[in-house]
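# Per-entry structural report
The residues making up each chain are set out below.
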Amino acid sequence: MLRNQFFGETIIKFINTHSSRLILGIESSCDETAAAVVEGGTKIRSSVVASQMEVHAKYGGVVPELASREHLRAIVPTVRLALEGHTRLDAIAVTQGPGLIGSLLVGITYAKALAMARGIPLIAVNHIEGHIYAVASQNAVELPALALIVSGGHTHLYEVSAEHRYRLLGKTRDDAAGEAFDKVGKLLGFGYPGGPVIDKLAPFGNPDAVKFTTPKMKGNTLDFSFSGIKTAVLRWVEARDMTAEIAARRESGAVSVEGWLTVTPRATLDLLASFQATVIDELLKRAVRAAEEMDASSIIVSGGVACNAGLQAAAKKFRIAWPVYFPTLGLATDNAAMIAAAAFPKLERGEFAGYELSAQPNLILA
Ligand code: KG4
Ligand code: ZN
């Protein structure tokens, strides 16, 4: 049953403040070195992201050792640029986890040193809570909310209570949705990351052309599984002789939609469209069921996959029942503004980290 319990109700703003306190956020959990200054938890004064995409692209995925090395290179200039014009700071927030240990350590060590040198508090932030604040800090999100966090590392459903407490409702049992996009992209010769390319090419194919059997989840039916769909794509490819086509794409050096279209036949476009439609359906089906079950007042979708145009278009259908919020450009993929925003309530509560703060690669939100 879909219903709207929002009309006529008071909007509970996630962050309701006129504070001018400034937080420097630092994010280095995966393959982006990022720093940002956010005022009062909502106003983004600066947001700098140094992407390592090109470094990892030739390996078809993030190489942890290379990631740490690139973070080391980028951290000083990234933070310096974000701080330009800001002499006053009230706190420094940093991603504690989840993420790659070597990558997290670079941000944490730098944040500690800076907090110590300036004599200001250090705040530890969970990366997933950051993704929630990427949306919640920019919108008057009605609570309780259902949050769907979909990225290269996560596919999680959380209940966000009126008291800003989190409850895990479901998660992927194998690949994250973004990971499935990236693996399919790599397999078919579209390079890394595959998500954005598949998203752009999907409208040129028929989403009903290839039928995928979707998993029936035993136990928690709000859990996701994407490895079966990924394997089905592999079988589809193996059943055809696509070696020359894939090699041609790898060598094409295409970067634009037009470029990809010249090296991608109709059947492959149909496969991409069908794959994307299946993933979107899996995501939204469970998000809607979770929202119904927890009696949500709104839905938040965040993380890199939230950029997906097909997902955004499909989610519009649910706007009648719930307000659905997506991140604005630059806040969907990893960034530090979301880390600074998530740290704001902690600054208000005086919830600070000590200098013994350590990276937690498997940190959970709930
Ligand atoms: O949030 P993010 O930057 O990093 C993680 O925390 O993982 O997400 C990156 C992921 C990648 O898997 C990428 O392929 C996916 O987000 N992604 C997309 C799109 N843009 C980024 N997936 C589908 N469609 C997109 N437009
Ligand atoms: Zn992320």
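Residue positions are counted from 1 within each chain, in the order its sequence is given. Each chain is given a letter, starting from A, and each ligand a number, starting from 1, according to the order in which they appear as written. Per-residue local features are limited, in this predicted model, to residues with pLDDT of at least 70; the limit for side-chain atom pairs, both in listing and counting, is 80 or more; totals at the level of whole chains, interfaces and linings are taken over all residues. With hydrogens and water excluded, all non-hydrogen atoms of the structure serve as input to the side-chain values.

### Examining unusual backbone geometry
Omega for the bond connecting Gly 97 with Pro 98 falls within 30 degrees of zero, at -10°, which places this linkage in the cis form. A run of DSSP states H or I qualifies as a helix once it reaches four residues; a run of E qualifies as a strand once it reaches two. Both are numbered from the N-terminal end. Assignment of secondary structure puts Pro 98 in the loop between strand S4 (91-97) and helix H3 (101-118). Residue Pro 193 follows Tyr 192 across a cis peptide bond; omega there is -5°. In this structure, Pro 193 sits in the loop between helix H5 (177-187) and helix H6 (194-201). Here the phi dihedral of His 164 falls at roughly 65°; this positive angle occurs in a residue that is not glycine. With respect to the helices and strands, the residue His 164 is situated in the loop between strand S7 (155-160) and strand S8 (166-171).

### Quick word on the packing of aromatic side chains
Between rings of Phe, Tyr and Trp, where Trp is taken as its six-membered ring, a pair exists when centres lie within 6.5 Å; planes separated by under 30 degrees are stacked, by over 60 edge-to-face, and by other angles tilted. Overall, the coordinates contain three aromatic pairs when judged by the stated rule. Judged by centre distance (6.0 Å) and plane angle (15°), the ring pair of Phe 224 and Phe 226 falls under stacked. As far as the burial class goes, Phe 224 and Phe 226 line up, both buried. Note on criteria: charge over ring means Lys NZ or Arg CZ within 6 Å of the ring centre, with the direction from the centre no more than 35 degrees off the ring normal. When the ring centre of Trp 236 is taken as reference, the NZ or CZ atom of Arg 240 above it lies at 3.9 Å. Classification of residues uses two cut-offs on accessible area relative to the type maximum, computed with a 1.4 Å probe and protein chains only: under 20% is buried, over 50% is exposed, and between them is partly exposed.

### Some words on the nonpolar core
Among the nonpolar cores identified, the biggest contains 54 residues, and Leu 146, Leu 157, Phe 275, Leu 283 and Val 301 are the most heavily contacted of them. Within the residue set of this core, elements represented by two or more residues are strand S6 (145-150), H5, H6, helix H7 (227-238), helix H9 (257-262), helix H10 (266-294), strand S9 (298-302) and helix H11 (309-315). A total of 13 residues in this core trace back to one element, the largest contributor, which is H10. Beyond its immediate stretch of four places on either side in the chain, Phe 275 contacts Ala 180, Phe 181, Val 184, Ile 198, Phe 212, Ile 229 and Val 233. Take the buried Ala, Val, Leu, Ile, Met, Phe, Trp, Tyr and Cys residues and link them wherever side-chain atoms come within 4.5 Å; each set so joined is a nonpolar core. By size, the runner-up hydrophobic cluster in this structure holds 36 residues, among which are Val 125, Ile 128, Val 141 and Tyr 158. Contacts are residue-level and defined by heavy atoms, with any inter-residue pair within 4.5 Å sufficient.

### Some points on the confidence of the model for the protein chain
The quantity called pLDDT is the predictor's confidence in a given residue, expressed from 0 to 100. Looking at the protein chain as a whole, its pLDDT mean stands at 93, while 95% of the residues score no less than 70. This stretch, residues 1-13, has a pLDDT under 50; its non-local contacts, to residues over four places away or in other chains, come to 22 contacts.

### Considerations on the coordination of the zinc ion (ligand 2)
Here the zinc ion (ligand 2) is held by His 127 (NE2), His 131 (NE2) and Asp 334 (OD), and the distances to it run 2.1 Å. Geometry at the zinc ion (ligand 2) is irregular, judged from the four donor atoms that bind it and their angles of 93 to 143° at the metal. When the donor residues of the zinc ion (ligand 2) are listed from N- to C-terminus, their spacing reads H-x3-H-x202-D. Residue His 131 is located in helix H4 (residues 127-136), and its partner Asp 334 is located in the loop between strand S10 (324-325) and helix H12 (337-349); the two are separated by 203 residues in the primary sequence. Classification of His 131 as buried rests on a relative accessible area of 0%. Among the residues examined, Asp 334 registers a relative accessible area of 14% and is labelled buried. Water is not among the atoms examined, so metal sites may look incomplete; donors are the N, O and S atoms within 2.8 Å of the metal, or within 3.2 Å for Na, K and Ca. Every angle between 85 and 135 degrees makes a four-donor site tetrahedral, while opposite donors more than 155 degrees apart, with all other angles between 65 and 115, make a four-donor site square planar and a six-donor site octahedral; other sites are irregular.

### Comments concerning the pairing of S9
Of all five residues in S9, five are buried, a share of seventy percent or more. Burial along S9 is two-sided: the face carrying Ser 298, Ile 300 and Ser 302 and the face carrying Ile 299 and Val 301 are both buried. With five bridges joining them, S6 and S9 adopt parallel strand pairing. Within S9, the residue paired with Leu 148 across the bridge is Val 301. Should DSSP find at least two bridges between two strands, the strands are taken to pair. Of the pairings in the sheet, the one linking S9 to S10 comprises two bridges and is parallel in character. Note on S10: the bridge partner recorded for Ile 299 is Val 324.

### A word on the site of ligand 1
Any residue with at least one heavy atom within 4 Å of a molecule or strand is counted as near it. Taken together, 19 residues lie around ligand 1, and Gly 152, Asp 182, Asp 199, Gly 304 and Asn 308 are the ones closest in. Two N or O atoms form a polar contact when they lie within 3.5 Å of each other; inside protein one atom must be a possible hydrogen donor and the other a possible acceptor, and for residues adjacent in sequence the pair counts only when both atoms belong to side chains. Within the side chain of Asn 308, a nitrogen or oxygen atom sits 2.9 Å from a nitrogen atom of ligand 1. Take Asp 334: an N or O atom from its main chain is 3.0 Å from an oxygen atom of ligand 1. Note on areas: these come from Shrake-Rupley sampling with a 1.4 Å probe, and a residue is covered only by the protein chains present in the view. In the complex, the protein chains occlude 90% of the 560 Å² of accessible area that ligand 1 would expose alone. Those elements that place two or more of their residues in the shell around ligand 1 are H4, H5 and H6. Broken down by element, the shell around ligand 1 gets its largest block of residues, three residues, from H6. Residues are sorted three ways: Asp, Glu, Lys and Arg are charged, Ala, Val, Leu, Ile, Met, Phe, Trp, Tyr, Cys and Pro are nonpolar, and all the rest, Gly among them, are polar. The residue inventory of the shell around ligand 1, partitioned by class, reads five nonpolar, 11 polar and three charged.

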